[in-house]
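# Summary of structural features
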Amino acid sequence: LTGDRPTGRLHLGHYVGSLKRRVEMQNSGEYDEINILIADDQALTDNADNPGKIRENIINVVLDYLSVGIDPSKSTICVQSALPALHALTFYYLNLVTTARLSRNPTVKAEIQMRGFADEGLPAGFFTYPVSQAADITAFNANVVPVGEDQLPMLEQCKEIVHKFNSVYGETLTEPQIILPSNKACLRLPGIDGKAKMSKSLGNCIYLAEEPEDIKKKVMSMFTDPNHLRVEDPGKVEGNPVFIYLDAFCRDEYFAEFWNDYSCLDELKAHYQRGGLGDVKVKKFLNNVMQEELRPIRERRKEWENHLPDVLDILKEGSKVAKETAAKTLEDVRHSMSCLLYTSDAADE
Ligand code: ATP
Ligand code: MG
């Protein structure tokens, strides 16, 4: 199980942090089930006043999935608000965590600052969203969760809930393992402004569906090494977003195709570090790389955009299947808790 918040179109961070791996897993044939959840209800936790934005981005996110190669015949794409069992699971799990534990979550702490909740007041739903993520993960009995590094604390929290639940009520829930990107540059791709994370909420993204001229504009405006003022100055590649993106996307073939002064990224880095290489040249190369990487994604998206009713059907069908899966887990959970105030069996009787 993995998912995304429909707070905007998906970007390069999503692609390298999670989407690429989902497609690899899907095509490996090694997994019985792949579930992908569009977390619209979770997106409300910091967008309560803007449900329209979330609604319109659900379809954008499905289009982005299809355009990177998620295949609905192999992966189930579903939307959180269509799965009421997730809300019930969240409600039970909330009793298994403490507010002290929730306040230690470093990702949530950073997001509270970033979104201004520290001053304006913190919505309880936002504070507890890691619990709702635990519901999402366990509802599908997920054993692996391919995500970016910001999700590590969520997975830790989820494992704790699973242990607590199983120790109090008996073995019921599956413990999930996180799968992080193997390439260090992809763990948490920085924004084009050099901020630690490319994020929809920070407006520092290159989107997967971006038009060629916008990709170019964004790449050419990217933050680099602030001390690399003159071409002859030695430059830094560590922490330099342009080189981090090259680490994430560049392949040796791209040098043969676009810049045969070098044969690989290490040679280019060495020159930049020695001095004598200007940022504009490196950015032009990065632009070529990004254009190559994003073209097929954009083209596939445009094809799907001409078939929007089919896209909606994919989401509807996937949600129907997922609703059953989550409802089954909820039944198991209620059974283990022996608190069957209401079950579908009881209703039938
Ligand atoms: P928001 O700003 O609304 O929180 P976001 O850009 O952080 O949006 P999410 O929907 O929260 O995106 O994240 C979905 C998935 O994409 C998660 O697995 C997350 O780890 C991954 N991801 C998001 N941004 C990055 C990034 N910059 N680098 C690596 N992985 C990322
Ligand atoms: Mg996020």
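Below you will find a few notes about this structure. (Residues numbered from 1 in each chain as written. Chains lettered and ligands numbered in written order. Predicted model: local features only at pLDDT ≥ 70, side-chain atom pairs only at ≥ 80, totals over all residues. Heavy atoms only, no water.)

Another aspect to go through is the pairing of strand E2 (residues 35-38). A two-sided burial pattern is seen for E2, the buried positions comprising Asn35 and Leu37 on one face and Ile36 and Ile38 on the other. One ladder, built from three bridges, connects strand E1 (residues 2-4) with E2; its direction is parallel. In the strand pairing of E2, Thr2 is matched with Ile36. For the crossover that starts at E1, traverses helix H1 (residues 12-28) and ends in the parallel E2, the hand is right-handed. Where E2 meets strand E3 (residues 76-79), four bridges bridge the pair, whose relative direction is parallel. Looking at E3, one finds that Ile36 is bridged to Ile77. (Buried < 20%, exposed > 50% of the residue type's maximum accessible area, 1.4 Å probe, protein only. Helix = DSSP H or I, 4+ residues; strand = E, 2+ residues; numbered from the N terminus. Pairing = 2+ DSSP bridges. Right-handed = clockwise from strand over helix to strand, strands pointing away.)

All right, on to the packing of helix H3 (residues 51-68) against helix H15 (residues 279-305) then. Running from N to C, H3 and H15 cross one another at 125°; their axes reach a closest spacing of 8 Å. Taken together, the axes of H3 and H15 are oblique relative to one another. Taken as a pair, H3 and H15 cross one another with a handedness that is right-handed. Contacts from Asn60, Leu63, Asp64, Leu66, Ser67 and Val68 of H3 reach H15 at Ile297, Arg300, Arg301, Trp304 and Glu305. (Axes fitted to C-alpha atoms, helices over the stretch in contact; angles between N-to-C directions. Parallel < 35°, antiparallel > 145°, perpendicular 65-115°, else oblique. Left-handed = near helix turned anticlockwise from the far one by under 90°. Contact = heavy atoms within 4.5 Å.)

In terms of burial, helix H12 (residues 241-249) is a largely internal element, eight of the nine residues being buried. If you check which residues of H12 are buried, you get Pro241, Val242, Phe243, Ile244, Tyr245, Leu246, Ala248 and Phe249. Buried residues along H12 sit against H1, helix H13 (252-258), helix H14 (265-274) and H15.

Relative orientation of the contacting elements helix H11 (residues 212-220) and H15 amounts to 145°, with a least axis distance of 9 Å. Between H11 and H15 lies a crossing whose hand is right-handed. Across from Pro212, Ile215, Lys216, Val219 and Met220 in H11, the residues of H15 making contact are Val280, Lys283, Lys284, Leu286, Asn287, Met290, Gln291, Leu294 and Arg298.

Attention now goes to the pattern of salt bridges. Tallying each qualifying case throughout the model produces 18 salt bridges. Between Glu293 and Arg251 there is a salt bridge, and its shortest N-O distance comes to 3.1 Å. Of the two residues, Glu293 is situated in helix H15 and Arg251 in the loop between H12 and H13; the sequence distance between them amounts to 42 residues. Classification of Glu293 as buried rests on a relative accessible area of 11%. The partner of Glu305 in a salt bridge is Arg301, and the shortest N-O contact between them spans 2.7 Å. Placement of both Glu305 and Arg301 in helix H15 is noted, with a separation of four residues, approximately one turn of the helix. The class for Arg301 is buried, based on a relative accessible area of 5%. Residues participating in the shared-partner salt-bridge network are Arg5, Asp46 and Arg115. (Salt bridge = Lys/Arg side-chain N within 4 Å of Asp/Glu carboxyl O.)

Our next topic: the packing of aromatic side chains. Inspection of every chain in the model, using the stated rule, returns 11 aromatic pairs. Ring plane angle 5° and centroid distance 6.4 Å describe the contact between Tyr15 and Phe249, whose orientation is recorded as stacked. With a gap of 234 residues between them, Tyr15 in helix H1 and Phe249 in helix H12 connect regions that are remote in the sequence. What makes Tyr15 buried here is its relative accessible area of 12%. Both rings, one in Phe255 and one in Tyr262, keep their centres 6.5 Å apart while their planes meet at 70°; by these two values the pair is edge-to-face. Each of the two residues, Phe255 as well as Tyr262, counts as buried. (Phe/Tyr/Trp six-rings, centres within 6.5 Å; stacked < 30°, edge-to-face > 60°.)

Among the 22 residues in the neighbourhood of ligand 1, the closest are listed as Thr7, Asp150, Lys197, Ser199 and Ser201. With respect to ligand 1, the backbone of Leu189 contributes an N or O atom lying 2.9 Å from a nitrogen atom. Between ligand 1 and Lys200 there is a distance of 2.9 Å, counted from an oxygen atom to a side-chain nitrogen or oxygen. Of all the secondary-structure elements, those providing two or more residues to the shell around ligand 1 are E1 and H1. Among the elements that line the shell around ligand 1, the one with the most residues is H1, at three residues. Across the shell around ligand 1, the residue classes break down as five nonpolar, 10 polar and seven charged. (Near = heavy atom within 4 Å. Polar contact = N/O pair within 3.5 Å; in protein donor to acceptor, adjacent residues only side chain to side chain. Nonpolar A, V, L, I, M, F, W, Y, C, P; charged D, E, K, R; others polar.)

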